[in-house]
Amino acid sequence: MEHKAGFVNIIGNPNVGKSTLMNALVGERLSIITSKAQTTRHRILGIVNGDDFQMVLSDTPGIIKPAYELQSSMMGFVKNAFEDADVLIYMVEIGEKELKDEAFFNKIIHSKIPVLLLLNKIDKSNQEELEEQVALWTEKVPNAEIFPISALENFNVQMVFDRIIELLPVSPPFYPKDALTDKPERFFVNETIREKILLNYEKEIPYAVEIETEEFFEDEKIIRIRAVIMVERETQKGIIIGHKGGALKRVGIQAREDLEKFFGKQIFLETYVKVNKDWRSSAFQLRRFGYNQK
């Protein structure tokens, strides 16, 4: 039997459900999910293995017009997703009418590779609206196959999965067959803590935060983790810590609970907060945190 393998890259506007879809296709919670825009900052690979296939899924940041260096780097991950895709998933949600960047949209409609346009969140629409949206996107992206789905409710996700397998090129696997992702364990610690900050704080605070896992020691029964939460200003540090450390403690408890499920082990998590002035605008700091891969 021939073996198929390929890169399946998911792009779209912020908050359309890209991370929810990838987690549903992979069957593991690799990408963090919140209702806030720009939750995903990196390009995250999720690898699905079968006896005769390897599907390498790629979750990317939502497409925006960059306002500072970090966002420019995030859009660099999206640009790369066009360059190595064997199948492109363009994800939109009910009610959406355009991609926020015309250049990216032109790349989609002139793509030489298969494009699957997934119309997500159809559980929030009726039949008439769904038919109108299908007609709209059929006209806008004539080169795409359109699948109405609900990633959250797992509706039509299996149909998309099966179609992707049909479209994968014949190829040996790119990664070991037991691999789940290309990211190291510390990355998922960082992302889990960042998700809890997105959920627990408002306004600019979550976007001014970066996490760095300084220590990760794994024993047979316990993983000991020490992580630093970087902010840009002293005032943000005070808000993250909260009154008598209560806010930071809440983030730590929530992150530890999720990490224990992810790693299947007891977690000892120590967090502290540090000011790293204007890190989002520093090319050096962004490289250090894995953004500017130049």
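The name an unreviewed UniProt entry gives the protein chain is GTPase Era, with Flavobacterium jumunjinense as the organism. Note on the protein chain: under the UniProt heading Function (unreviewed entry), the record states "An essential GTPase that binds both GDP and GTP, with rapid nucleotide exchange. Plays a role in 16S rRNA processing and 30S ribosomal subunit biogenesis and possibly also in cell cycle regulation and energy metabolism."

S.K.: Tell me about the overall build of the protein chain, residues and numbers included.
M.R.: Summing up its helical and strand segments, the protein chain has 9 helices and 9 strands in all. With 294 residues in all, the protein chain has 51% of them scored as buried. Sequence-distant contacts, at least 24 apart, represent 72% of the contacts inside the protein chain between residues at least 6 apart. Of the accessible surface of the protein chain, which amounts to about 14,000 Å², a share of 51% is contributed by carbon and sulfur atoms.

S.K.: Give a description of the nonpolar core that names residues and reports values.
M.R.: Nonpolar side chains tend toward joint burial in soluble globular proteins. Ranked by internal contacts, the top residues of the largest apolar core, which has 28 residues, are Leu 21, Met 55, Leu 57, Leu 116, Leu 118 and Ile 164. It is helix H5 (residues 157–167) that provides the largest number of residues to this core, a total of 5 residues. Not counting residues within four places of it along the chain, the set of residues in contact with Leu 116 comprises Val 87, Leu 88, Ile 89, Tyr 90, Glu 145, Phe 147, Val 160, Arg 163, Ile 164 and Leu 167. Judged by nonpolar contacts, the second largest core, of 23 residues, contains Ile 193, Phe 216, Ala 227 and Leu 248.

S.K.: Can you explain the sheet that holds strand S8 (residues 222–231)? Please cite residues and give values.
M.R.: If you trace the 3 strands from one edge of the open sheet to the other, you get S7-S8-S9, paired in mixed fashion. Edge positions in the sheet fall to strand S7 (210–218) and strand S9 (266–275), since each of these pairs with one other strand and no more. The sheet shows a mean angle of 15 degrees between the axes of neighbouring strands, taken without regard to direction. Note that S7 and S8 share 8 bridges and pair antiparallel. Each bridged residue has a counterpart across the sheet, and for Glu 210 the counterpart in S8 is Met 230. Sheet strands touched by helix H7 (residues 234–241): S8 and S9. Its angle to S9, the strand with the most contacts, is close to 150 degrees. Sheet contacts for helix H8 (residues 246–263): S7, S8 and S9; angle to S9, the most-contacted strand, approximately 140 degrees.

S.K.: Break down the sheet that holds strand S4 (residues 87–93) for me, citing the residues and quoting the values.
M.R.: What holds strands together in a sheet is hydrogen bonding between their backbones, with the strands either parallel or antiparallel. The mixed open sheet is built from 6 strands, whose spatial order is S2-S3-S1-S4-S5-S6. The two strands at the open ends of the sheet, each matched to only one other strand, are strand S2 (44–50) and strand S6 (144–148). In this sheet, adjacent strand axes meet at a mean angle of 20 degrees when their direction is disregarded. Judged from the 5 bridges that link them, strand S1 (residues 4–12) and S4 form a sheet pairing that is parallel. Across the sheet, the residue bridging to Asn 9 is Leu 88, located in S4.

S.K.: Provide a residue-level description of the pairing of strand S5 (residues 115–120), including the pertinent values.
M.R.: For S5, the buried fraction is high: 6 of the 6 residues fall into the buried class. Side-chain alternation along S5 places Val 115, Leu 117 and Leu 119 on one buried face and Leu 116, Leu 118 and Asn 120 on a second face that is also buried. Where S4 and S5 come together, 6 bridges link them in parallel fashion. Across the sheet, residue Leu 88 finds its bridge partner in S5, namely Val 115. Pairing of S5 with S6, which is carried by 5 bridges, proceeds in the parallel orientation. Across the sheet, residue Leu 117 finds its bridge partner in S6, namely Ile 146. Taken together, S5, helix H4 (residues 127–140) and S6 form a β-α-β motif whose crossover is right-handed.

S.K.: I'd like a description of the environment of Asn 80, backed by residues and values.
M.R.: Locating Asn 80 in the fold gives a position in helix H2 (residues 69–83). For the pair Asn 80 and Asn 9, spaced 71 residues apart in the sequence, the C-alpha separation amounts to 9.6 Å.

Each value, and the rule that gives it
Residues numbered from 1 in each chain as written. Predicted model: local features only at pLDDT ≥ 70, side-chain atom pairs only at ≥ 80, totals over all residues. Heavy atoms only, no water. UniProt positions renumbered as here; feature names shortened; annotations may be inferred. Helix = DSSP H or I, 4+ residues; strand = E, 2+ residues; numbered from the N terminus. Buried < 20%, exposed > 50% of the residue type's maximum accessible area, 1.4 Å probe, protein only. Contact = heavy atoms within 4.5 Å. Areas by Shrake-Rupley, 256 points an atom, 1.4 Å probe, with all protein chains shown as cover. Core = buried A, V, L, I, M, F, W, Y, C linked by side-chain atoms within 4.5 Å. Pairing = 2+ DSSP bridges. Axes fitted to C-alpha atoms, helices over the stretch in contact; angles between N-to-C directions. Right-handed = clockwise from strand over helix to strand, strands pointing away.

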